[in-house]
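Residue-level listing of the chains:
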Amino acid sequence: MMRSLFSGVSGLKVHQTKMDVIGNNIANVNTVGFKSSSVTFTDIFYQTSQSASGPNAATGAGGQNAKQIGLGAAMGAIAVNITGQGGSQRTDNPFDLMINGDSFFVVNKGGTNYFTKAGNFNVDEAGTLVNSAGYPVMGWQADSDGKIQKERVSALHVMASENMSTPPDATTESTFFGNINEEDDMFKKDPPNDYIPIQMSFYDSLGYEFQAMFHVRRGNRPATGDERDYTIDLASLTKEGTVIAEATKDATTGAYTYIPGFTQQTVKFHTGEDTLPANGNVAAVEPGGLISVGGTAGTKEVSFDFSAITGGFVGGQTADALGAVKPINVNMSGLTNYGSASTVDTKTGNSEGIGKGKAPGEMSRLGVQTDGKIVASYTNGDQRILGQIAVAKFANAAGLEKIGENLYAETLNSGKFNGIGEDITADGGKFTTGVLEMSNVDLSTEFVDMITTQRGFQANSRIITVSDSMLEELINLKR
């Protein structure tokens, strides 16, 4: 009878433990990245009053089973549903991340790496990516070329001072394109100057933006041959909206004296009906096509050296204002001389966008790609990879130990973290930005477990009260 009392007590204890776990699950139903737990019971030591015996052929007696009395229940295990994916909550915060897969974020607390599914991150005052408790998020650093260095994980200082801006770059390539119609009315607008204006923008090594205004003028047709020459002269040069140098115009004749020191360029087109045949290294030229730039047949590129300007400065400006300007290689192969409207324009950079130059850039936006790479965008159009968020995987993730604050610690049964981590895409996983993984607690399951746990606790309490009544009856036998 005393055994039933102790069995009832053990039943009360294990059901109370299960209720504690259920209560913790329900309390964390809205906790970011929380993984629910479940309790299983096991029976405990049995008192054997008679061991099992086999049949006896000599006596004809049959075998008997053992006679055992159980001594109650014990807690078998508290298992964490570590692989169950929680629901998704949209936040639109670029630093809120959800892992699609079985990996874990790595954060550092007091020099020790811990692991979490909670991806509610932000940037602290020092520019470091941290979780809600202020622990740095760990990942890999990027070199100056944006290549990820997959070494031991370290804190990601995404908004450190060195990442807040990008340096300027001088323009070294430019492109002229479009059509020049020799009958265009623009050539008759300002006699005796027959020109079409073209503006080109570029940057110097310090990031100052310049605008150069050119005049494209008609030259005379040669006495023989189907050709037409045009000259390109520099009419004005502006730096950050301030005129540095400009051509002068004769008050009497109206003729321009262009900025000295800048080399006039001659552009020659084919104006005949037939294709000019190839000649040596010079390709065939279709009617209306470009024959040459600078007087050398087949040459369609020329260098503009603005730093060579020797005069025409205005407003107290000097050649010092051009000291950081580099020579610019200008490709004019896109120019034609058809009868359609004149549409000449320019763009910085070559056909592949190389050599455009740029102003200094300030960080305007940060984003995280699906592979965890953190990309910064700048006001000058630059983009830089600042680092990559690494993840950790474990042979037995359920063996991790919960330590609070949505953190897990490795154990002997979970497997060790190698200190380097993995790329989330290695096993087909990815990050989803602007979304958080919520708790994977299933309330309907928890409420059903709560009912069965309550009834189990109630039934075990009845064991104690009934056993007590039986003891009372036994004691009353003496009366």
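One can find the structure itself at the top, above this paragraph.
Criteria and cut-off values
Residues numbered from 1 in each chain as written. Predicted model: local features only at pLDDT ≥ 70, side-chain atom pairs only at ≥ 80, totals over all residues. Heavy atoms only, no water. Helix = DSSP H or I, 4+ residues; strand = E, 2+ residues; numbered from the N terminus. Expected span 1.5 Å × (residues − 1). Buried < 20%, exposed > 50% of the residue type's maximum accessible area, 1.4 Å probe, protein only. Contact = heavy atoms within 4.5 Å. Pairing = 2+ DSSP bridges. Axes fitted to C-alpha atoms, helices over the stretch in contact; angles between N-to-C directions. Phe/Tyr/Trp six-rings, centres within 6.5 Å; stacked < 30°, edge-to-face > 60°. Core = buried A, V, L, I, M, F, W, Y, C linked by side-chain atoms within 4.5 Å. Salt bridge = Lys/Arg side-chain N within 4 Å of Asp/Glu carboxyl O. 1 Å grid on protein atoms, 1.4 Å probe; cavity = no way out; pocket = protein on both sides within 12 Å on 5 of 7 lines; lining within 4 Å. Points joined across faces, edges and corners; volume = space filled by probe spheres on them. Nonpolar A, V, L, I, M, F, W, Y, C, P; charged D, E, K, R; others polar.

A.B. asks: Mind showing me how you'd approach helix α2 (residues 443–476) here?
C.D. replies: Because an α-helix completes one turn every 3.6 residues, residues spaced three or four positions apart along the sequence face the same direction. With 34 residues, α2 should cover 50 Å at 1.5 Å per step; its first-to-last C-alpha distance of 49 Å lies within 8% of that length. Among all positions in α2, only E446, T453, G456, N460, S461 and S467 are buried. Buried residues in α2 make contact with α1 (2–27).

A.B. asks: Please clarify how the sheet that holds strand β24 (residues 301–304) should be interpreted in this entry.
C.D. replies: Strand pairing in a sheet takes place through backbone hydrogen bonds and is either antiparallel or parallel in direction. Pairing is mixed across the open sheet formed by 4 strands, whose spatial order is β24-β25-β14-β26. Either end of the sheet is taken by a strand with one partner, and the two such strands are β24 and β26 (345–348). Strand-to-strand twist across the sheet, computed as the mean angle between neighbouring axes with direction ignored, equals 25°. Summarising the sheet, strand β14 (residues 173–179) and β26 pair through 4 bridges and their orientation is antiparallel. Across the sheet, F176 pairs through a bridge with T346, a residue of β26.

A.B. asks: Hey, could you run me through the packing of aromatic side chains in this one?
C.D. replies: Ring pairs (aromatic) are described by centroid distance and by the angle formed between their planes. If you walk through the whole model with that rule in mind, you get 20 aromatic pairs. A ring pair is formed by F104 and Y408, whose centres lie 5.8 Å apart and whose planes are at 65°; its orientation type is edge-to-face. Remark: Y408 occurs in strand β32 (residues 407–409) and F104 occurs in strand β7 (residues 104–109); sequence separation between them is 304 residues. One exposure class covers both F104 and Y408, and it is buried. When the centroid spacing of 5.2 Å and the interplanar angle of 75° are considered together, the rings of F262 and F304 count as edge-to-face.

A.B. asks: It is not clear to me how the nonpolar core should be interpreted in this structure. Could you clarify?
C.D. replies: Nonpolar side chains in soluble globular proteins generally cluster together in the buried interior. Judged by nonpolar contacts, the single largest core of 35 residues is most densely connected at F176, F202, F214, F304, F306 and M332. Listing elements by their share of this core, those giving two or more residues are β15 (195–203), β16 (209–218), β17 (227–239), β18 (242–246), β21 (265–270), β22 (290–293), β24 and β25 (328–336). Among residues more than four places away in sequence, those in contact with F176 are I198, M200, F214, I232, F304, V330, N331, M332, G334, L335, D345 and T346. If you look at the next biggest cluster of nonpolar residues, it comprises 25 residues, including L129, V368, L407 and F431.

A.B. asks: Whenever I open this one, the sheet that holds strand β11 (residues 138–142) confuses me. Can you help?
C.D. replies: Strand order in the open sheet made by the 6 strands is β12-β11-β29-β28-β27-β13, with antiparallel pairing throughout. The open sheet is flanked by β12 (148–155) and β13 (165–166), the only strands paired with a single partner. Both strand β28 (residues 373–378) and strand β29 (residues 383–389) contribute to a ladder of 5 bridges, which runs antiparallel. Note that in β29 the partner of V375 across the bridge is I385.

A.B. asks: Honestly, the environment of L335 in this entry has me stumped. Any pointers?
C.D. replies: Residue placement: L335 occurs in strand β25. Distance in space between the C-alpha atoms of L335 and M75 is 85 Å, their sequence separation being 260 residues. Apart from the residues lying within four places of it in its own chain, the contact partners of L335 are F176, F177, G178, F269, L290 and V344.

A.B. asks: Sorry if this is basic, but what is going on with the pattern of salt bridges here?
C.D. replies: Oppositely charged side chains can form a pair if their charged atoms are brought close together. Summed over all chains, the structure comprises 12 salt bridges. Between K373 and D371 there is a salt bridge, with the nearest N and O atoms lying 4.0 Å from each other. Take D371: its relative accessible area is 15%, and that puts it in the buried class. With a shortest N-O distance of 3.6 Å, K416 and E410 are connected by a salt bridge. A residue is classified by how much of its surface remains accessible, and K416, at 59% relative accessible area, is exposed. For E410, a relative accessible area of 29% corresponds to the partly exposed category.

A.B. asks: Would you mind going over the layout of surface pockets with me for this structure?
C.D. replies: To find leftover empty space, a probe the size of one water molecule is rolled over the atoms. In this structure, the largest pocket spans a volume of roughly 160 Å³. The wall of the largest pocket is formed by D143, S144, D145, G146, T166, P167, K358, D382, Q383, R384 and I385. Per element, the largest residue contribution to the lining of the largest pocket is 3 residues, and it comes from β29. Of the residues contributing to the lining of the largest pocket, the split by class is 2 nonpolar, 4 polar and 5 charged.

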